[in-house]
Structures are given as C-alpha cells and as structure tokens.
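Survey of secondary and tertiary structure
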Amino acid sequence: MELPRPRPRRILGQPLTLPMLRMGPFPLPGREREKNIRNADMDQFLQLIVAGLATGAIYALAAIGFTLVWQTSQTINFAQGEFVMLPAILVLAASHVGLPMWLAFVVGTVGFVLLFGFGFKRFLVEPMQRHGVLPLAIATMALSVLIKEAAKNGFSAEAQQFPSLVPEGTLSMLGAAVSVRDLAIFVVAVAAILGLQAFITHTRTGRTMQATAQNPTVARILGVPVQRMILLTFLINAALALVASYLISPVYLAKFSNGEHIGLAAFIAAIVGGFNQIRGALAGGFLIGLIDNLAAAYVSSAYRTAVPLVVLVVVILVKPEGLLGRKEERTV
Amino acid sequence: MTRKLNPTLLIVLLAFPILWFAPAGLKSYGLYVVALWLVMSIAAMGLNLTLGYAGLTSLAQGAFLGIGAYATAILTVKAGWSLPASFLVSTGLSFAVGIVLGFPALRVKHHYLAFVTLAFSVVVFLVARNEEWLTGGVFGLANIPRPVLFGIDLGGGLAFYRFVLCVTLVLTLVMWWLLHSPWGRAFLAIRENALRAASLGIDIRAYTLLAFAIGSAFGGAAGSLYAPLVEFIDPAPFALSASFVLLLTVVAGGAGSFFGPFVGAFFSYMLPELLRATGGWYLIIYAAVVLVLVMVSPTGLLGLIDRWRDHRSQRRAATIRAAARPTLGARQGPQQGSAS
C-alpha cells in the first residue's frame, strides 16, 4: 500500500512527538536547547510541506483526470492508479527491447495515449456506458487487475530505476534544505494543471468540453459533438496520467504495484475536493498530499494510509458533495 | 402439502447430496479447493444480499471475512473456545460492525458508499497488520484447530469439507427464507425505488441497516469457517483486493440472482486454482475473462443463461409465427399491404 519514503529525521535523538502542538506563532522564550529543537522542527516541517505539495501535485493530476472522465461519461475509473503506473513501465519495456531512450519515451507516450486514451474510451467505456455506472466500474476494476498483473508478469516484479529529467540535490529555502526534485515535480504538475485550466476556460473547444461535462443532453441539442468531446477528456486523462507517471517514477521507482496507492489517493482527493469540480480535485490532491506526508511523520507510519481515509469518511458524511463541490440535484 | 416445491429450493436440496458424495475421491488439496469455494460462496451470498437485492455497493466484504476469521482464530487459539461458540460470536460481531458501518449507507449511496466501505476495509487490514499483540501482525495466527463435534472428528479434509457443506446448506436456507420473507421484498423495494418504498410505509433506515448487517454477518460466518479451513491466517487474504474480488464475484455470477454467488465463487476461486498450472498468468487470464464477461453480459453468467433462454424462446416463437404465416396470409388475402 505504501510507497517508500525516507523516514523523517530525528533531531537530537528524540522522537518528534506532536511538534504541531508545540509550534506557536512566536517562538516562546526558553532555554537555547529548546529553541534549537524548535528550529529543527520548523525545518522538517517545511521539508514535509514541500514534499507534501509535490506528492499532492501528482495526486491532483490523477484526480483531475478522474474527475473529467467521471463528469463527461459517468466512468468511475478504478484503474486510474494503474494508468499512472503504466507509462513509465512502457517506456522501460521499450528501452529494454533495445530502443534508444528518446525513442522509448516516444513509443511509451504514443502507445499509452492510443491504448488508454483512445482505446479505453472506444472499446471499453463506449460499449458499456448504456449499462449504467456499476458494470462499468466493475470492468475498470478488472482492467486494473489486468494492467497490474500484465506489468508484473510481462515486465518485472521488481522496482526499476527510471531516468530523471531533473538532477538530484537540495536547495536552501527559508533556511531549510528542500529537494530539487520535489520542487520540479510541483512546478511541472502545476504548469500542466494551469495549462489545462486555460485550455478549458479560454478556448472554444475547452468550453464546449465543459458544456458536455455539465449537461450532455443540452450540449448535444446545441450541436456539440458530444462523443468527440468525451474522447477529448479521455485523451486529456491519459496525458495527465502520463505526466504524473514521468514525474513520480524517478522518485518512487517504477513498480507494478505503485498504482494501488496513487489510485486510492486520487479517489480520495477527487471526493474530498468535490467530485464534480476540477478545482475541487486540485485542492483535494494537495490536501491529501500534505496530510499523507504529515501523517507519516507526526501520527504513525504504520497508520499513515488510514489518515487520509478518515478525512475522506468525515468529508463524505459531513459534506458528501466535497469541500468545493456543488450539490447534485435529486430527481424523483 | 399440496403446494408445489419451489424450484430454487429443489435445486438446493438436490445439490446437497451430490456435493456430499461427489468430492469423496478427491485428495486433500482438491477438498480444500471445493471447501474454499463453499466458504467464499457464503461470503458472496452476503454481499449479494447487500448489493444485488438491497442495491448497496459495498467494498467491505473482504474486511468482514477478515473480522470473522480473526475473531474465530483469536477465540479458538488464544481463549480456547469451541468452534460453534466462536462461530456465533464472530457472526454476531460482524453483524454489529455491519450495523455501525451501515449508518453511512443511510446518508450516501453508490460510489460514495463504495468509498466509505473501501476506507473501512483498509483500516481493518491495517489493524490486522499492525496490532501484533492481538492479531500476530504479519506473522499471523497459526494452528487454528478443527473441532470435534458430536463425537465426530473434523480434523480430516473430507470430514471438514462435509461440515462446511452442512453450514453452507443451513445458511443458504436461511438466505432463501430471508429473501422470501417480507424483509426480502422490502430490500428489493428499496433497491428499485427508495422513495416509493418509503411512501408505502417501509422503514428505509431500518431495512438499509439490516441489509448491510445481515450481508456482513454472512461475511463474518464465512471468515469463521475460513480460519479453521486454512488453519493459518495472516492479513494478506483480507486486503482491499479481497473485497474487490468478492464484488467481482457477485457481479460475475449475477448480482441479484439466488445462485449467482455460487457460480461467481466457482469462477473466482476454483477457476484460478485450475489455471494455477499456467504459472503467474492465471490472474491475467481471470481478469481478462471477467472483463469480457462484464462487457458481454453486465448481468453476469446467470444473466447470460437467461438471455440465451430468452433468445431461444423468441426464436421458437418466430418459427411458429413463420409457420403460421401462410395460413394467415391465405385467410387475409395476398394484398393486405395495400388494403391498410
């Protein structure tokens, strides 16, 4: 369930128990030693925040794709995590066959978008859409098992190195050492999301897509090519998964089981933020990323997976439409 | 006794002696697989009640299987209880937890409920893995005893299989009775249209909770049999994927049909054993088969049979119509098209 993450540093040999409680807005006057601990805590806290934002950006990418696909075609894609796992594996598999790295990237990218953008929509979602939400959800569950096992048996059961586009190292920020990769992940993911947002709100095609998402029937009456717009959201979903995969695989290594955690986090992010809002999925992604990282450090590494889930359950019970979502109307 | 015996009940009563005698020649591994099929059928039957009849999407049946299995293992290994007592306690515990988990079901439906139950599954798995003092952690609990009941030693493979078969029969009859009672009809009414059911005076709150809790109790009962069947449990078989597979099982068999869970469990738990010879590829084959099945027939394997039967009766009707056409045509005259 869990991805390997370096354990938080322990300062002065003392386990860090609930420093959140000790961290006031102003450092209280006290002995020098106390102050040092507090500064170290602050450093660690900042590192965790940056790491959390980086993880959160990945979750947001997956969650936005998930939300888009849900909005336009009522598809609950249980294979979303596997979609993020697979492109890196495809690239590695292509390079193992003997292709040079750049060509492997091209083959992986094109192959993935064709198979799981176009193919997924055309051959799985389209024929099953008329049967309703549940059979399609079941089909994506089976698809997720299929992808995972195929990656395990067809490629490798071991975690594999994935080439990073960003050098390793740390950067000093506000006195704390921050990983360059984490920053790069954050920047690239946010750029991708902003680009998507600009596309949706500022281009004609984007607005047509939005119309399809909001009300397919009316969109069709107004002359929107609905099926083509749905296909577009599937392609965007595949592209977002691709970006997430290339960003995260150098850090977590490429492994067949990576999708489980990312998929789960993406669902949680999408629901917590609001199932029917892109900015909801965005906020949810960052929130879950932060909670995930902070919980691992401050609550319990054994139960870190449970903390976002508790948040999820609370949100569902208190505000089922999500933090930023709008209520869906009920028809009798 | 002039009432005609219900065909469903007839199948159950006919299948029992067949299943009692048929596996007698099997070796211990074969017996284990057949017994596992029955145990998983019980769990799937519970989920079928929740999903197929009451329409509540639950991803927690694997967790209830785990709760039942761990409760039984802890009570028999650590506290030295007998299996029947542990069985009742495990089932009751699952029922109680099911009621608690059922409360979210009152507020949310469909995918939201799926995610609440999913969260529950993950938490149960984490507790089983982390609370070593209680569950043995990743090392699990070993040497779960098979009991001696009424002077019969159930230690052997065949004896224990027959014990499982008897329990399955009892639980199947309980389920049959339940579905034909006013309760079962109320579950169906809520699935079809909750508002209409409420306006007919069905207490939606109570029945939703009940559907959830009874389904969970069946999961717990299955777990309680699973523990002594395998004689060793660790958290792995009760992970989230177990709940996914149980959901696939119910849908593949045919959600909302009485024998769907048995067909589905055969498909999900015996087929992989038969495909074991293919090495690591069996899960791929299984997933691909489920995928194709759901695409071809969203109502499951039994739905496929129903459709085939419909198709055949339509064809038969078509041939009869075709055969009758000349006589009809002769009576009405050849130019009937222009007359209208």
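With that settled, consider the overall build of chain B. Along its length, chain B carries 15 helices and two strands. In chain B, 75% of the contacts between residues at least 6 apart in sequence involve partners at least 24 apart.

Let us look at the interface of chain A and chain B. Counting residues at the interface gives 30 residues for chain A, matched by 30 residues for chain B. Within the residue set of the side of chain A that touches chain B, elements represented by two or more residues are helix 4 (101-128), helix 5 (133-154), helix 10 (258-273) and helix 12 (306-318) of chain A. Ranked by residue count, the leading element in the side of chain A that touches chain B is helix 5 of chain A, at 13 residues.

Below, the discussion takes up the packing of helix 6 (residues 180-202) of chain A against helix 9 (residues 226-252) of chain A. Residues and elements named next belong to chain A. At a minimum axis separation of 10 Å, helix 6 and helix 9 run at an interaxial angle of 175°. Between helix 6 and helix 9, the angle falls in the class roughly antiparallel. Contacts between helix 6 and helix 9 involve Arg181, Ile185, Val188, Ala189, Ala192 and Leu196 on the former and, on the latter, Ile236, Leu240, Val243, Leu247, Pro250 and Val251. A class-by-class count of the residues in the contact of helix 6 with helix 9 yields 11 nonpolar, no polar and one charged.

Positive phi, close to 65°, is recorded for leucine 253 of chain A, a residue that is not glycine. Residue placement: leucine 253 of chain A occurs in the loop between helix 9 and helix 10. Residue classification places leucine 253 of chain A among the partly exposed residues on the basis of 16 C-beta atoms within 10 Å. A positive phi angle, near 70°, is found at glutamate 231 of chain B, a position not held by glycine. Within the secondary structure, glutamate 231 of chain B sits in the loop between helix 10 (204-230) and helix 11 (240-253). The exposure class of glutamate 231 of chain B is partly exposed, given the 15 C-beta atoms found within 10 Å.

To continue, consider the confidence of the model for chain B. Residue and element names in this part refer to chain B. For chain B, the mean per-residue pLDDT works out to 81, and 93% of the residues sit at or above 70. In the model of chain B, helix 15 (residues 336-339) stands out as the element of lowest mean pLDDT, 46, in contrast to helix 3 (residues 61-78), which has the highest, 90. Note that residues 336-340 has pLDDT below 50 and, in this model, zero contacts with residues that lie over four places away or in other chains. Here the complex is predicted with pTM 0.79, and the ipTM for its interfaces comes to 0.76.

Reading guide: rules and limits
- Residues numbered from 1 in each chain as written.
- Chains lettered and ligands numbered in written order.
- Predicted model: local features only at pLDDT ≥ 70, side-chain atom pairs only at ≥ 80, totals over all residues.
- Helix = DSSP H or I, 4+ residues; strand = E, 2+ residues; numbered from the N terminus.
- Contact = placed C-beta atoms within 7 Å.
- Axes fitted to C-alpha atoms, helices over the stretch in contact; angles between N-to-C directions.
- Parallel < 35°, antiparallel > 145°, perpendicular 65-115°, else oblique.
- Nonpolar A, V, L, I, M, F, W, Y, C, P; charged D, E, K, R; others polar.
- Buried ≥ 20, exposed ≤ 12 C-beta atoms within 10 Å, placed from the backbone.
- pLDDT = per-residue confidence, 0-100.

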